[in-house]
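Structural overview for review
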Amino acid sequence: MLRKSIIFALALSAFSMADAQQPWSLKQCIDYALEHNISIRLQENTVESSKVALNTSKSSRLPNLTASADQSLNFGRGLTADNTYANRNTTSTGFGMSTNVPLYTGGQLTHDINMKQLNLQAALVDLNKAKEDISLQVTSAYLDVLYQKELLQVSREQLELSKIQENRLKAMLENGKVAETEVIEAHATVASDELNVTQNENNVQLALLTLSQLLELQSPKGLDVENPQEMNPMERLLPQPDEIFAEANSIKPQIQAQILRLKNAEEGISHAKAGKLPSVYLSGGLSTNYYHTSGFNSNSFGSQLKDNFSKYIGLSVSIPIFNRYATRNQIKNAKLQYTAQQLKLEDTRKTLYKEIQQAYYNAVAAQKQCVSSEAAQEASRRAFEFMSKKYENGKATSTEFQEMKTRMQKAESDYLQAKYTFIFRTKILDFYRGVSLN
């Protein structure tokens, strides 16, 4: 029974380890980063702080309630009832409770609540912007891992070709068909290709490290990514910049945040103007006290508290007449802030349009480069196959063969770089249009 339990535990552990080593999809990477990234969590903290500020502003409409208690002892000479001085010790105890509620504040509370509500909405939009930025960074790192992995695969294929060629030349050397120098050159090529493989392996690990850091993982150990479906760059139709901007202008968080802050600045003007209007407060309270003078008989503590119990209610009106131009200057400052926010909104829109234009033309260039590099890759492969046949038939030298092999390797590398550059550029265009990156 114990043996079966151990076997079951080992199998379960192996299954868990296998599951942990499963490649991550782009969606999994983005979702994990959004949940664990520190900058996202900081922005979430800002949202919570804005919620507290809004709650505080709303609570300003509620009445307050204050309780008080005081105890005092007086010693020494004091004025008596017959207008003479004598040594008297007096004790007094008091209890009270008061409340105050704003009935009308010229709209200041209403505008303050509106401003805090807009601040909260802007903080939520800023959170979305932070999430978009992290998503884009993760996407870039994810694609870089794929690019480095494909480069590694190409270098391994090149190494295999070089090893096959070295073995072939060794066999031909034994039959006296080639010079020993050609075998030595082939061995040097194998060593160079092995170094290239090692370098590409390191590049893959560095790319995985960058991705793991964005995901806030302890280390890239065990991290791997899925290969997405192939994308044909010639089949992708790129939307025009104006079309993209029309969509982005209505959905991008940086625009929405500036619009909300513009509304906030407008509320700020109304809030400042409310300082010219009167305020009305309702107040009320309860109080009682106990008093005792040495040398005199006093009623008991309880009876005095009962006899001295009093209540009050009041209504107060505060009318601003002149406050050293403070309200006037607050209004001017609020209007200046509104104008500044209008300029910020306009600048944000212009910046967004410039970014979209740059992204569009970068995508167009990447698409053209991808198409041309794909054609160059195919041509180099055919040329290499032709050169291989010539070399096998003794009609080409090893130098010519190696040069053609190097050209093919460069063409494949150029195509991979162009392909992933194009994929990333199109992801950026989708990003501006609000299309999910994953």
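Residues numbered from 1 in each chain as written. Predicted model: local features only at pLDDT ≥ 70, side-chain atom pairs only at ≥ 80, totals over all residues. Heavy atoms only, no water.

So, the sheet that holds strand S6 (residues 310–318)
Let me state the cut-off plainly: Pairing between strands is defined by DSSP: at least two bridges between the two strands are required. Only DSSP runs of H or I covering at least 4 residues are called helices, and only runs of E covering at least 2 are called strands; the numbering of each starts at the N terminus. Axis angles are defined between N-to-C directions and span 0 to 180 degrees, where every axis is a line fitted to C-alpha atoms and, for a helix, only to the segment in contact.
An order of S1-S4-S5-S6 is seen for the four strands of this open sheet, with the pairing classed as antiparallel. The open sheet terminates on both sides in strands that have one partner only, identified here as strand S1 (64–74) and S6. Averaged over neighbouring strand pairs, the angle between their axes works out to 20° when direction is ignored. As judged from the 11 bridges shared by S1 and strand S4 (residues 90–104), these two strands associate in the antiparallel manner.

Digging into the environment of Phe-95
Condition: The cut-offs for exposure are 20% and 50% of the maximum accessible area for each residue type, with area from a 1.4 Å probe on protein chains only; residues under the lower value are buried, those over the upper are exposed, and the others partly exposed. Two residues qualify as a contact provided that any one of their heavy atoms is within 4.5 Å of a heavy atom in the partner residue.
Examined against the element boundaries, Phe-95 turns out to sit in strand S4. The exposure class assigned to Phe-95 is partly exposed, which follows from its relative accessible area of 37%. In the structure, Phe-95 is positioned 286 residues away from Arg-381 in sequence and 97 Å away in space, judged by C-alpha atoms. Aside from chain neighbours lying at most four places away, what touches Phe-95 is Ser-68, Ala-69, Leu-286, Ser-287, Thr-288, Phe-301 and Leu-305.

Considerations on the packing of helix H4 (residues 108–174) against helix H9 (residues 326–392)
Spelled out, the test is: Angle categories: roughly parallel below 35 degrees, roughly antiparallel above 145, roughly perpendicular from 65 to 115, and oblique for all the rest. The residue classification treats Ala, Val, Leu, Ile, Met, Phe, Trp, Tyr, Cys and Pro as nonpolar and Asp, Glu, Lys and Arg as charged. All others, Gly included, are polar.
The interhelical angle for the contact between H4 and H9, taken along N-to-C directions, is 10°, at an axis separation of 13 Å. The orientation of H4 relative to H9 falls into the category roughly parallel. Across the interface between the two elements, Leu-161, Gln-165, Arg-168 and Leu-169 from H4 touch Phe-384, Tyr-391 and Glu-392 from H9. Residue composition of the contact of H4 with H9, grouped by class: four nonpolar, one polar and two charged.

A closer look at the packing of helix H2 (residues 26–36) against H4
To keep things clear, this is the line we draw: By definition, any crossing whose near helix is turned counterclockwise from its far helix by less than a right angle is left-handed, and any crossing with a clockwise turn is right-handed.
Following both chains from N to C, one finds H2 and H4 inclined at 140°, their axes separated by 9 Å at the closest point. When the axis of H2 is compared with that of H4, the two are oblique. Our pair here, H2 against H4, has a crossing hand that is right-handed. Contacts between H2 and H4 involve Leu-26, Cys-29, Ile-30, Ala-33 and Leu-34 on the former and, on the latter, Lys-131, Ile-134, Ser-135, Val-138, Thr-139 and Tyr-142. Considering only residue class, the contact of H2 with H4 consists of eight nonpolar, two polar and one charged.

A look at the packing of aromatic side chains
Describing an aromatic ring pair means giving the distance of the ring centres and the angle of the ring planes. Short version of the rule: Aromatic contacts are taken between Phe, Tyr and Trp rings whose centres are within 6.5 Å, Trp giving its six-membered ring; a plane angle under 30 degrees counts as stacked, one over 60 as edge-to-face, and the others as tilted. Sitting over a ring, as applied to charges here, requires NZ of Lys or CZ of Arg to be within 6 Å of the ring centre and within 35 degrees of the ring normal.
A full pass over the atoms with the stated rule returns eight aromatic pairs. Measuring from ring centre to ring centre gives 5.3 Å for Phe-322 and Tyr-325, while their planes differ by 85°; the resulting arrangement is edge-to-face. Positioned over the ring face of Phe-431 is Lys-252, at 3.8 Å from the centre of the ring.

So, the pattern of salt bridges
What counts is decided by this rule: When a carboxyl oxygen of Asp or Glu lies within 4 Å of a side-chain nitrogen of Lys or Arg, that pair is called a salt bridge.
A full pass over the atoms with the stated rule returns 16 salt bridges. One salt bridge in this structure joins Glu-48 and Lys-51, with 3.5 Å as the shortest N-O distance. Of the two residues, Glu-48 and Lys-51 are both situated in helix H3 (residues 38–59); the distance of three residues between them amounts to about one turn of the helix. What makes Lys-51 partly exposed here is its relative accessible area of 40%. Across the salt bridge formed by Arg-381 and Glu-412, the nearest N and O atoms sit 3.3 Å from each other.

Any functional reading would require information that these geometric values do not contain.
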